[in-house]
Amino acid sequence: MKKIFLALTVLAIGFTACKKSDNNNSSSVTTTAVNSTVTSGTWRVTFFSNNGTNETSNYGGFNFTFVANGTVAAANSLFAVNGTWSTLVDNSKVKLTMNFPTPTVNAFLELNQDWEVTARTDIKITMQHVSGGAGGTDYLTIEKN
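A brief look at the structure comes next.

Thresholds applied
Residues numbered from 1 in each chain as written. Predicted model: local features only at pLDDT ≥ 70, side-chain atom pairs only at ≥ 80, totals over all residues. Heavy atoms only, no water. Salt bridge = Lys/Arg side-chain N within 4 Å of Asp/Glu carboxyl O. Helix = DSSP H or I, 4+ residues; strand = E, 2+ residues; numbered from the N terminus. Buried < 20%, exposed > 50% of the residue type's maximum accessible area, 1.4 Å probe, protein only. Core = buried A, V, L, I, M, F, W, Y, C linked by side-chain atoms within 4.5 Å. Contact = heavy atoms within 4.5 Å. Polar contact = N/O pair within 3.5 Å; in protein donor to acceptor, adjacent residues only side chain to side chain. Phe/Tyr/Trp six-rings, centres within 6.5 Å; stacked < 30°, edge-to-face > 60°.

### Here we look at the pattern of salt bridges
- Considering all chains together, one arrives at four salt bridges under this definition.
- Two residues, Asp-114 and Lys-95, come together in a salt bridge whose shortest N-O distance is 3.3 Å. Of this pair, Asp-114 sits in strand β7 (residues 114–120) while Lys-95 is found in strand β6 (residues 93–99), placing the two residues 19 residues apart along the sequence.
- With a closest N to O distance of 3.4 Å, Arg-120 and Asp-122 form a salt bridge.
- The class of Arg-120 is buried, set by a relative accessible area of 6%.
- One network of salt bridges, with partners in common, ties together Asp-90, Lys-95 and Asp-114.

### Quick word on the nonpolar core
- Ranked by size, the top nonpolar core spans 27 residues in total, and within it Phe-64, Phe-66, Met-98, Phe-108, Leu-111, Leu-140 and Ile-142 carry the most contacts.
- Those residues in contact with Leu-111, other than ones at most four positions away along the chain, are Phe-48, Tyr-59, Phe-64, Met-98, Phe-100 and Leu-140.

### Overview of the side chain of Lys-95
- On the basis of relative accessibility, which here comes to 13%, the residue Lys-95 falls in the buried class.
- At 3.1 Å, the side chain of Lys-95 forms a polar contact with the side chain of Asp-90.
- Not counting chain neighbours up to four residues away, the residues in contact with Lys-95 comprise Ser-86, Thr-87, Leu-88, Asp-90, Asp-114, Trp-115, Glu-116 and Val-117.

### Observations regarding the packing of aromatic side chains
- All told, the structure shown has eight aromatic pairs when counted by the stated rule.
- Geometrically, the ring pair formed by Tyr-59 and Phe-108 is edge-to-face, given 5.4 Å between the ring centres and 80° between the ring planes. Of this pair, Tyr-59 sits in the loop between β2 (53–54) and β3 (63–66) while Phe-108 is found in the loop between β6 and β7, placing the two residues 49 residues apart along the sequence. Taken as a pair, Tyr-59 and Phe-108 share a single burial class, namely buried.
- Seen in terms of ring centroids, Phe-62 and Phe-108 are 5.0 Å apart; in terms of plane orientation they differ by 70°. Their pairing is edge-to-face. One end of the pair, Phe-62, is in the loop between β2 and β3; the other, Phe-108, is in the loop between β6 and β7, and 46 residues separate them in sequence.

### A few points about the side chain of Glu-116
- Mapped onto the elements of the fold, Glu-116 is located in strand β7.
- Residue contacts for Glu-116: discarding those within four places in its chain leaves Lys-93, Val-94, Lys-95, Thr-126, Met-127 and Gln-128.

Encoded structure:
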């Protein structure tokens, strides 16, 4: 009987000690963490919703490169679009702003927002932008290539 009790105790400790781990997951949403993340590698838009309309395909094939000096370049096989980016804290929320002043592709005007970073890992950043007044909410997700 003692052997069964001991075995059950060891199993119980083993199950409670187990923790699911995701080495690519970091819930840290700070300007420093976001800056470090976006300037590492190239990124692609994996989801863009403009006031409830899925417009992800507008960014298909574009790879984004965020440079530490505040410039961002997006390019596919046909177009290159250049702009600027920065991070800031507004009302205790970390935001990533992008500005593509004269984009070759009009869809990039939609990215000219102050995006609230809602989640960040080393390979994925999810954001939202709530329009003022009676506007809706836009959602943007970028993932590392």
